[in-house]
Amino acid sequence: MGKYVGIDIGGTNIKYGLLDEKGNILHKDKIKTSSEGVEIIKNIKIIVENYKEAHDIRAVGISAPGIVEESGFMTTGGAIFDFYGVHLKNILEKELGLHVAVENDANSAALAEKWLGAGRNYKNYFTAVVGTGIGGAVMINNDIYRGAHATAGEFGFMINAPVLNGDTRLSSVSLTSSVQSGLVQRYLDGFDATMPQQDLDGEDIFQLAEAGDLRAKNVIDAFYDHLAIGIYNVLVSLDPEVVLVGGGISANQSFIQELNRRVQGLQAGHRDMKNMTLAKIVPCHFLNDAGIVGASYKAMKEDRERKLESEKQESDPVSR
């Protein structure tokens, strides 16, 4: 039975794994992400070659940051600037000698949930990945909706706060509602610049709030409001069956409950919406493995389609 390699290229680490056709992760590991595109491709080749020594690898799936066209062309590459304007799929297929599927990281998370996670029973849903930045994916009739320029679902670019001094980016969901910018950085911004910057993460901010830190409480309050506004806008625009929220913070059940409460409060404050039904927000099933699983699923699906097409051509006398 063939195996599939899933590779999730993140800003800090490249996570990778070996999966079977049922989605079981047989092995996984991670390495640091290089800032050089050539080095990243070299490391991907080493990962795949190592798996090929002991397994029949059918295809490779890549989850990557940025705007990824269906063809595997990288319009942008997030923090990996060497991947801007690069046809990553073609490059990797030449290097690996295998079929390669390349997908945006948030779309990969949505595909993982569709295959084996919280999206299995839904045809139409929205996935928001809340982490260092904010990602989003739109699933319509069981397929990823890409839009005219492959930018559909770029939830992080949505504006959910007043624009000051013409800087739209500072008013975006990614800057107001991500764990890094919306929680950690906003907390640290309140201190004197001469003070040493603390090494904090989102969990630390919540713990500070529980310990009575007023600034942490205010930052968390604003974080919830901004994220709720962004999700509310998606709900009234797309009317999905459910909203799946991923990222490490989604494992916190109280976070999901409070986010639902904030969205319900926005609806309650709009007199014309009292009879409308808005989708619930639920946590994703997959957390750190979402990119690996989703990319592998896309690779497996494309590999099967290629195999069926090949068999059809072989059996059709007209096409031979």
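Nothing here was measured: the structure is a model prediction, and the numbers come from that model. (Residues numbered from 1 in each chain as written. Predicted model: local features only at pLDDT ≥ 70, side-chain atom pairs only at ≥ 80, totals over all residues. Heavy atoms only, no water.)

J.: Quick rundown of the layout of surface pockets? Include the residues and the values.
T.: Its boundaries defined by the atoms lining it, the second largest pocket holds a volume of some 300 Å³. Every residue lining the second largest pocket is counted, 14 residues in all, and those nearest its centre are Glu 70, Leu 111, Asp 143, Lys 298 and Lys 301. Elements with a minimum of two residues in the lining of the second largest pocket: helix 3 (105-116), strand 10 (143-144) and helix 9 (290-315). Sorting elements by how many residues they give to the lining of the second largest pocket places helix 9 first, with five residues. (1 Å grid on protein atoms, 1.4 Å probe; cavity = no way out; pocket = protein on both sides within 12 Å on 5 of 7 lines; lining within 4 Å. Points joined across faces, edges and corners; volume = space filled by probe spheres on them. Helix = DSSP H or I, 4+ residues; strand = E, 2+ residues; numbered from the N terminus.)

J.: Can you lay out the pattern of salt bridges for me, pointing to particular residues and giving the numbers?
T.: Scanning the model with the defined rule gives 15 salt bridges in all. Notably, a salt bridge pairs Arg 304 with Glu 21, separated by 4.0 Å at the nearest N-O pair. A residue pair is termed long-range when its members are at least 10 positions apart, and Arg 304 in helix 9 and Glu 21 in the loop between strand 2 (13-19) and strand 3 (25-32) qualify at 283 residues. Since its relative accessible area comes to 41%, Arg 304 is described here as partly exposed. We classify Glu 21 as partly exposed; its relative accessible area is 27%. (Salt bridge = Lys/Arg side-chain N within 4 Å of Asp/Glu carboxyl O. Buried < 20%, exposed > 50% of the residue type's maximum accessible area, 1.4 Å probe, protein only.)

J.: Can you lay out the sheet that holds strand 9 (residues 134-140) for me, pointing to particular residues and giving the numbers?
T.: Read across the open sheet, the five strands follow the order 10-9-8-11-12; overall the sheet is mixed. Among the strands making up the open sheet, the edge pair consists of strand 10 and strand 12 (280-283). The sheet contact formed by strand 8 (residues 125-130) and strand 11 (residues 242-246) spans five bridges and is parallel. Residue pairing for strand 11: Ala 128 is matched across the bridge by Val 245. On the sheet, helix 7 (residues 214-238) packs against strand 8, strand 9, strand 11 and strand 12 and is oriented at approximately 160° with respect to strand 8. (Pairing = 2+ DSSP bridges. Contact = heavy atoms within 4.5 Å. Axes fitted to C-alpha atoms, helices over the stretch in contact; angles between N-to-C directions.)

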